[in-house]
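Secondary and tertiary structure notes
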Amino acid sequence: MHRVTIQPDSRSVEVRSGERLLSAAWKAGVGIKSVCGGRGKCGSCIVEVDAASDAMLTARSDTERELLPEHPQGGNYRLACMCEVQGDVSISVPFESQAVRSAPRKPHTMISIAARPLASRLTLSVDPAASQPPRSLTTRIAQAVAKALGRREVEIPLEVIGDYSAVDGFDGARELTATVFRERRVIQILPGRHERVCGIAVDIGTTSFVVFLCDLARGEIIAMHTAGNPQAIYGEDVVSRMTCIQQDPTALAAMRKLLVDEINRLVAEACAECGVASRDIVDAVLVGNPTMQHILLGVNPESLGRGPYLPVWSEGADVEAAALGLDIAPRARAFVFPMVSGYIGGDTLAALLTRGADFYRGTQLLVDVGTNGEVVLAHDGKLTATSCATGPVYEGAHIRCGVRAAPGALERVWVEPGGKIRWAAIPGDGERGDRRPIGLCGSGVISCVAAGVGAGLIGTDGALAPVQTHRQLRANPSGRSGELMLVEAPFSRTGRDIVLTQQDVRAVQLGKSALRSGIEILLAESGVTKVDRIYLAGTFGNHLDPVDILSIGLVPQVPVEHVHSIGNAAGDGARMALFNRHHRSRAVSLARRLDVLELSGRADFQDLFVMHTGLTSMAENPFA
């Protein structure tokens, strides 16, 4: 066994000889960016090692040398996915290589939801054993529950009685607390009085997820904790993860364990923060895209990645939380949202739950922009959805200085009338700390491109202007293309220039064109030539400036005041289903009602894709 120590967090882990640095880092709880899923193709998992540690790693291959940048101070860079540990190693992870362990921003809407949960608690007075006629303890408890509920009979599973019988003095307690599900099935019996009843709502994204700890009786959030999705070790997008499972069947169980362990960690942190016992969490609602839901349920998602792109399991699930590995009350329930297609999952249905009756009048678009873009069109009461592979560019991946939306990331860029380029970074939690920027997050990339086009630094064809146009335009050190310098090295936290490259602009064009082309096909198939309103969902969509996305044509033209950011709508919808049973039924109904338009194999998609690569609003509708 060899010890790997990782800075700047001073974390360490013991690994076997031959294990990759990338895997060792994740075992130590340190996320390293891996766009390609550790296959040695992207060069994103750069780490810095000293000379002594470098000797304890396998030698550089020709492929690794080609992907490694030159160290500015003459030090040693290595790719964590391409070198194996052969001795004790100490490494440092640069800011631009740090991945999903940093908590992302997951906004939520403070909505009022009428509390009518499926799980509730009853305080009972149970007849003593000597009461007449003689009855078993289970019968006496069942009769007390039925009386409190006003029902003739209730169900108490044997395993629930078994759990209770392990409590000291269980058969002598007169006051009990019963947790009842759907007002007929007892899922927990506790001695004494326990009034607090809680649940968790979990939004599982490809890049990050959020856990809400909630008070079910009051319909309130008690705590919210976020984290990056640790499955990123297998790739930044769902296709990379499906490929890993196809190549190594054991990867499915490994990904599932990573996900569940991280959810349990966040739940434990939230409970410790609020003084909630895990036994008080008796219900759970989980939403995610189809790949994440398949993995959570332990179902192989490979079929989602090949035609006809159908899910293995679409009905969702209502199971004991323990079956998913969740560390909450032993017999607590867990509801996983249904799925509509291979790329329209529970997260989209949850977002739809948040829309009121107005959404179904006229013509409205719900757009969730991320590593995969989901679009739902509501037109005269009919719902149609499609999905577009936009790629991880909107999460900061495939961008030279791309980072997660964390403190220090540039989230807005603009050009003043005199030509000076200004920027704003995501602030930290407090006044102290290093305020220097670390890179560009997804919204910052879009903002920078939109500002560049508006100022003439980037053409509508995506080409950077000649270097003599502006003092911050320059040739790339490789000499192959240009770049726009935003922050000079002495003023960045990484000690390197923060730039927007020509390749970055091209990546934005590809993601933008995929999304816009999908939207246009969806509109054309529904006979729509004009959209009334656009709702932007998701973490990324919440931080986009409507002016920016309209100016580069990411979405169809509408008045800017008709573009609304609705935050983490998937998380909001999950909470609605947790707080009120009616919304669980609505989710199932929406899954049956939603029509899906499949874009794969359509000849018109490629034509539209070429048309929409331009960074222009294209106010005219090509189908009009």
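Along each chain, the written sequence defines residue order, and numbers are assigned to residues from 1. Per-residue local features of the predicted model are confined to residues with pLDDT of at least 70, and side-chain atom pairs are confined, for both listing and counting, to 80 or more; whole-chain, interface and lining totals are unaffected and use all residues. Side-chain metrics in this entry use all non-hydrogen atoms of the structure; hydrogen atoms and water are not considered.

**Here's the deal with helix H11 (residues 502–525)**
What counts is decided by this rule: Secondary structure follows DSSP: runs of H or I at least 4 residues long count as helices, runs of E at least 2 residues long count as strands, and numbering of each begins at the N terminus. The span expected for a helix works out to 1.5 Å for each residue beyond the first. Buried means the residue's accessible area, taken with a 1.4 Å probe over protein chains only, is under 20% of the maximum for its type, while exposed means over 50%, and partly exposed covers the values in between. Pairs of N or O atoms within 3.5 Å make up the polar contacts considered here, provided that, within protein, one atom can donate a hydrogen while the other can accept it, and that residues adjacent in sequence are counted only when both atoms are side-chain atoms.
Taking 1.5 Å of rise per residue, 24 residues should cover 34 Å, and H11 covers 35 Å from first to last C-alpha, within 8% of that figure. Of all 24 residues in H11, 19 are buried, a share of seventy percent or more. Among the residues of H11, the N-terminal cap falls to Thr-501, whose side-chain oxygen and the backbone nitrogen of Gln-503 are separated by 3.3 Å.

**Observations regarding empty space enclosed by the protein**
Empty space left among the atoms is revealed by rolling a probe the size of a water molecule over them. Rules: Buried and open spaces are told apart on a 1 Å grid over the protein atoms alone, a cavity being a set of points where a 1.4 Å probe fits but cannot get out and a pocket being an open set with protein on both sides within 12 Å along at least five of seven lines. Residues with an atom within 4 Å of a point are the lining residues. Grid points are joined across faces, edges and corners, and a volume is the space filled by probe spheres set on the points.
Summed over all chains, the structure comprises two cavities of 30 Å³ or more. Quantified by volume, the largest cavity comes out at close to 60 Å³. Around the largest cavity, the lining residues are Asp-347, Thr-348, Ala-351, Leu-366, Val-367, Asp-368, Glu-374, Val-376 and Ala-537. For the lining of the largest cavity, the elements supplying multiple residues, two or more each, are helix H9 (346–353), strand S15 (363–368) and strand S16 (373–379).

**A word on the environment of Asp-318**
We apply this condition: Whether two residues are in contact is decided by their heavy atoms: any pair within 4.5 Å suffices.
Tracing the sequence through the fold places Asp-318 in strand S13 (residues 317–320). Classification of Asp-318 as partly exposed rests on a relative accessible area of 31%. In this structure the C-alpha to C-alpha distance between Asp-318 and Ser-34, which are 284 residues apart in sequence, comes to 34 Å. Sequence-distant contacts of Asp-318, defined by excluding residues within four places in its chain, comprise Arg-182, Arg-333, Ala-334 and Phe-335.

**Regarding the sheet that holds strand S14 (residues 333–336)**
This is how the line gets drawn: Two strands form a pair only when DSSP identifies at least two bridges running between them. For helices, the fitted axis covers only the stretch in contact; all axes are lines through C-alpha atoms, and the angles between them, taken along N-to-C directions, range from 0 to 180 degrees.
Spatially, six strands are ordered S11-S10-S9-S12-S14-S13 in an open sheet, and the strand pairing comes out mixed. What marks the edges here is a single partner per strand, and that holds for strand S11 (220–228) and S13. Taken over all neighbouring pairs, the strand axes of this sheet differ in orientation by 15° on average, direction set aside. One ladder, built from eight bridges, connects strand S10 (residues 208–215) with S11; its direction is antiparallel. Counterpart to Ser-208 in the pairing with S11 is Gly-228.

**Considerations on the packing of aromatic side chains**
For clarity, the cut-off: Think of it this way: a Phe, Tyr or Trp ring, Trp meaning its six-membered ring, pairs with another when their centres are within 6.5 Å, and the plane angle makes it stacked under 30 degrees, edge-to-face over 60, tilted otherwise.
Applying the stated criterion to the full structure yields six aromatic pairs. Where Tyr-309 meets Tyr-343, the ring centres are 6.4 Å apart and the plane angle is 55°; that geometry is what we call tilted. One end of the pair, Tyr-309, is in the loop between helix H8 (290–296) and S13; the other, Tyr-343, is in the loop between S14 and H9, and 34 residues separate them in sequence. Each member of the aromatic cluster is reached from another via a ring pair, and the members are Phe-359, Tyr-360 and Tyr-535.

**Some details on the nonpolar core**
Using the following cut-off: Joining through side-chain atoms within 4.5 Å is the link that ties buried Ala, Val, Leu, Ile, Met, Phe, Trp, Tyr and Cys residues into a set, and such a set is a nonpolar core.
Within the largest apolar cluster, 115 residues are counted, with the highest numbers of intra-cluster contacts made by Leu-21, Ile-263, Leu-286 and Phe-337. For this core, the leading source of residues is helix H7 (residues 251–274), giving ten residues. Residues Val-367, Val-369, Ala-507 and Val-558 belong to the second largest nonpolar core, which totals 58 residues.

**Details of the pairing of strand S3 (residues 46–49)**
Examined bridge by bridge, S3 and strand S4 (residues 76–79) share four bridges and lie antiparallel to one another. Opposite Glu-48, over in S4, you have Tyr-77 as the bridge partner. Pairing of S3 with strand S5 (residues 89–92) involves two bridges; the strand directions are antiparallel. Bridged to Glu-48 within S5 is Ser-92.

**Thoughts on the pattern of salt bridges**
Applied cut-off: Whenever Lys or Arg places a side-chain nitrogen within 4 Å of a carboxyl oxygen from Asp or Glu, that contact is recorded as a salt bridge.
Enumeration according to the criterion identifies 33 salt bridges in this entry. The partner of Asp-163 in a salt bridge is Arg-331, and the shortest N-O contact between them spans 2.8 Å. One end of the pair, Asp-163, is in helix H5 (residues 158–165); the other, Arg-331, is in the loop between S13 and S14, with 168 residues separating them in the sequence. Notably, a salt bridge pairs Arg-265 with Glu-262, separated by 2.7 Å at the nearest N-O pair. With Arg-265 and Glu-262 both in helix H7 and three residues apart, this pair spans about one turn of that helix. When its relative accessible area of 34% is taken as the criterion, Arg-265 is described as partly exposed. Residue class for Glu-262 comes out buried when judged on its relative accessible area of 6%.

**Structural notes on the layout of surface pockets**
In this structure, the largest pocket occupies an estimated 1,400 Å³ of space. Elements represented by at least two residues in the lining of the largest pocket include exactly helix H3 (62–67), strand S23 (498–501) and H11.

**Re the sheet that holds strand S18 (residues 409–415)**
As summarised here, the arrangement of the three strands in space is S19-S18-S20, forming an open sheet in which the pairing is mixed. Strands at the two margins of the open sheet, each flanked by one partner only, are strand S19 (421–425) and strand S20 (439–440). Examined bridge by bridge, S18 and S20 share two bridges and lie parallel to one another. Across the sheet, Ala-409 pairs through a bridge with Gly-439, a residue of S20.

**A short note on unusual backbone geometry**
Here the residue pair Gln-132 and Pro-133 is connected by a cis peptide bond, since its omega of -5° sits within 30 degrees of zero. By the element assignment, Pro-133 lies in the loop between strand S6 (119–125) and helix H4 (137–149). Looking along the chain, the bond that leaves Gly-307 and enters Pro-308 is cis, with omega of 5°. The topology assignment puts Pro-308 in the loop between H8 and S13.

**Focus on the packing of H11 against helix H16 (residues 603–611)**
Note the cut-off: If an angle is under 35 degrees, it is roughly parallel; if it is over 145, roughly antiparallel; if it lies from 65 to 115, roughly perpendicular; otherwise it is oblique. Throughout, a crossing is termed right-handed when the near helix is turned clockwise from the far one, and left-handed when it is turned anticlockwise from it by less than a right angle.
Close contact between H11 and H16 brings their axes to 8 Å; oriented N to C, the two are set at 130°. On the basis of the axis angle, H11 is oblique to H16. With respect to the hand of their crossing, H11 and H16 are arranged in right-handed fashion. For the pair formed by H11 and H16, the contact residues are Leu-510, Ser-513, Ala-514, Ser-517, Gly-518, Glu-520 and Ile-521 on the first element and Asp-604, Phe-605, Leu-608, Phe-609 and Val-610 on the second.

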